[in-house]
Amino acid sequence: MISKHSVRIILVVLSVVVMAGGGLLVKAQLIPKSFGLYGSYRADAIEEEAQKVVRHGTNKSCFECHPYEAKIHLQGDHKTISCEFCHSTYADHVSNGKRTAALPVKKGEEITTLCLRCHNTEIKARSTIVIKTVGMPDHLKQQNVKLTHTCNQCHHVHAPLKYINEAKKITGLMEEKP
Amino acid sequence: MNPALYEASQNLSHGASMLISNYVFPNDLHVHWSMMIVLYPYITGLVDGAFIIAALYYLFDVKSLKPIARFSLLFAFAFLCCATLPLLLHLGRPERNFNMLLTPSPSSAMAGFGYIYAVSMGVLSFIVLFVYRPDLVERGKKAKGFMKLIYRALTFDSNDLSEKALALDGKIIRFLVGLGIPVAAVLHGYVGFIFGGVKANPTWSTPLMPVIFLFSACVSGISAIIIAYIIIRKMGGYSVDSDCIRTCIKTLTGFFILAFSFEMLEVFSHSYLKTGYHHMVEGLLNGPLASSFWLWQVKICSVVPLILLGCMAFITLKDSIYTFIAGIVSCILLLQVFIMRWNVVIGGQLMSKSARGYTVFHPEWFDKEGIVAVIIIMLIPFMILFVLGKIFPFWAEERKGGIQ
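Residues numbered from 1 in each chain as written. Chains lettered and ligands numbered in written order. Predicted model: local features only at pLDDT ≥ 70, side-chain atom pairs only at ≥ 80, totals over all residues.

## Observations regarding the overall build of chain A
Quick reminder of the rule: A helix here means a DSSP run of H or I that spans at least four residues, while a strand means a run of E at least two residues long, and both kinds are numbered starting from the N terminus. Residues are called buried when their C-beta atom has 20 or more other C-beta atoms within 10 Å, exposed when it has 12 or fewer, and partly exposed otherwise; all C-beta atoms are positioned from the backbone. The contact criterion used is a C-beta to C-beta distance within 7 Å, with each C-beta placed from the backbone.
Looking only at helices and strands, chain A features eight helices and two strands. Shown N-terminal to C-terminal, the secondary structure of chain A runs as helices and strands in the order α-α-α-α-α-β-β-α-α-α. Each of the three principal axes of chain A carries a C-alpha extent, and together these read 110 × 40 × 30 Å. In chain A, which comprises 178 residues, the share counted as buried stands at 7%. Sequence separation of 24 or more characterises 46% of the internal contacts of chain A that already satisfy a separation of 6 or more.

## Observations regarding the domain arrangement of chain A
All names here are of chain A. Heads up, the condition is: Where a domain begins and ends is set by an automatic assignment or by a domain database. Each residue gets one of three labels, nonpolar for Ala, Val, Leu, Ile, Met, Phe, Trp, Tyr, Cys and Pro, charged for Asp, Glu, Lys and Arg, and polar for the others, Gly among them.
Segmentation of chain A into domains returns domain 1 (49–104) and domain 2 (106–178). Facing eight residues of domain 1, the contacting portion of domain 2 comprises seven residues. By residue class, the composition of the side of domain 1 that touches domain 2 is two nonpolar, four polar and two charged.

## Overview of the nonpolar core
Within soluble globular proteins, side chains that are nonpolar generally end up buried alongside one another. All names here are of chain B. In plain terms, the rule: Each nonpolar core consists of buried Ala, Val, Leu, Ile, Met, Phe, Trp, Tyr and Cys residues. Their C-beta atoms, within 7 Å, join them into a set.
Of all hydrophobic cores here, the largest spans 110 residues; its most connected members are Ile 53, Ala 54, Ala 76, Ile 127 and Ile 225. Considering every element that reaches this core, the biggest residue donor is helix H2 (residues 35–58), with 19 residues. Beyond its immediate sequence surroundings of up to four residues, Ile 127 is in contact with Leu 73, Ile 173, Leu 176, Val 177 and Gly 180.

## Points about the environment of B:Ala54
Residue and element names in this part refer to chain B. Structurally, the position occupied by Ala 54 is in helix H2. Overall, Ala 54 belongs to the buried group, with 29 C-beta atoms counted inside 10 Å. Separated by 326 residues in the primary sequence, Ala 54 and Ile 380 have C-alpha atoms spaced 22 Å apart. Not counting the four nearest positions on each side in its chain, Ala 54 is found in contact with Ala 69, Ser 72, Leu 73, Ala 76 and Val 177.

## What to know about the packing of helix H12 (residues 290–314) of chain B against helix H13 (residues 319–348) of chain B
When two helices pack together, their arrangement is given by the angle between the helix axes and by the axis-to-axis distance. All names here are of chain B. Inclusion rule: Orientation is described by axes fitted as lines to C-alpha atoms, over the contacting stretch for helices, and by angles from 0 to 180 degrees between their N-to-C directions. Roughly parallel means an angle under 35 degrees; roughly antiparallel means over 145; roughly perpendicular covers 65 to 115; every other angle is labelled oblique. Crossings are classed by handedness, with left-handed meaning an anticlockwise turn of the near helix from the far one by less than a right angle and right-handed meaning a clockwise turn.
For the pair H12 and H13, the least separation of the axes is 9 Å and the interaxial angle reads 155°. Of the possible angle classes, the one that applies to H12 and H13 is roughly antiparallel. Crossing of H12 against H13: the hand is left-handed. Together, Ser 292, Phe 293, Trp 296, Gln 297, Cys 301, Ser 302, Val 304, Pro 305, Leu 308, Leu 309 and Met 312 of H12 and Tyr 322, Ile 325, Val 329, Ile 332, Leu 333, Leu 335, Gln 336, Ile 339, Met 340, Trp 342, Asn 343 and Gly 347 of H13 make up the contact between the two elements. A per-class count over the contact of H12 with H13 returns 17 nonpolar, six polar and no charged.

The following block contains the structure:
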């Protein structure tokens, strides 16, 4: 004769088995249908992602309507930088080939903030061989300019050394080559 | 000469003896796995160590551990409840963890952890319920209303306390604890494996990692149990069983010698093999981690307790002094394991993949993963333990101040 206690234990074991089995059933129900068709992901996700509207453009798309900026940009040290890095997303400006809105224009202090996103020495994350970095306001002091100066007062934002080189050409002052 | 090359050569001649130019990749600047990921192996480790103490009594019949065996189980349970909390807080969107359980990817180490955690939670819950059944039956008889219903559920609706029933319970407990040991070892070994499996990080990527994590887990868990036992007993005005403390300390000594040896062996292996990233690891341990690794983890929190444990083993001490030193050693070892987790998790991320620079980590107070969050998370298991103590008595019935 099985004791009442043993019966309870058997019931506990059975309920664990039922719960585990029930869990597997619930799991099977909750897994999306297309999951695992190609790999460990939902196959429908590919189609859904492909349907998303493309929001970013290339520099080429920008240059189509901005030939003046294109000319300077392509000759300067910033030629590899994407327009969208500084000017925001293409789709906020152009839709179906037509201009829909103006992109935000950085002014004053905002320009310095933007430049320092890459050119700040404090970041210490980029080799100076790759990107010239400066410390603020030390750089302004070294150049003997007002501390309120923003970067674009000396540097053309598309070709940072454009004005500097032109000034050197005029004055004939070229830095000594190492 | 190309100006860039010139600059590079200048840099090189400047610090020819120093390979580190502090050139950190932008994506390596921020330490992504911060204090919550330090807590995650720490909490699972505490579970593991506490469970080992319980297993020594219930499976290996170490009788002197009887006074703390039940408490260790509850302690392990309370901390296991919170083991995934730091992870979920770190990741954000905690509801998404169900996706991981629904469609586990075979190539995802974390998905495996979800299942191992669930199994260990199940096993530990049943061990607690079976161990406490006689107490729960007695309490259930006195309880009324809703509480009576709770006690009925917790005792599987069986109030049979006959010898035969208890013998059956005993067998089930032994079976479950026997099952629990590999589950607990896998649970924490797996945490070590998750780190050891990160190939991109030279300080983590070693097959020794699960072993180191496992032994240090036992150290932290046993230390925590010793401290909790001494404090809770003293606060309640009860006596502390010195025989039990002595057995705990002996077990702790064994595990700590293994843990510390493996920690040092790992450093030795790195240093002897001189693998591709060795200069970085060496620079890390002697640079940004010089204080937290060599001074704190090794000298203060490992060598000092080793000397103390040696004194406790070789010198005959009075029970009260032995208990006092046991408490001190346990505190230092709890800190040791925490610092070790810190040095592995955060220290390992201070190196940039450029192999030419280190970043710094600044813990914040009120961050999502800040110091306040750490304190709150560490308090939750104690709150759970307090609530559990209302239903599951920590100690067997006894007179206040009496001898067990």
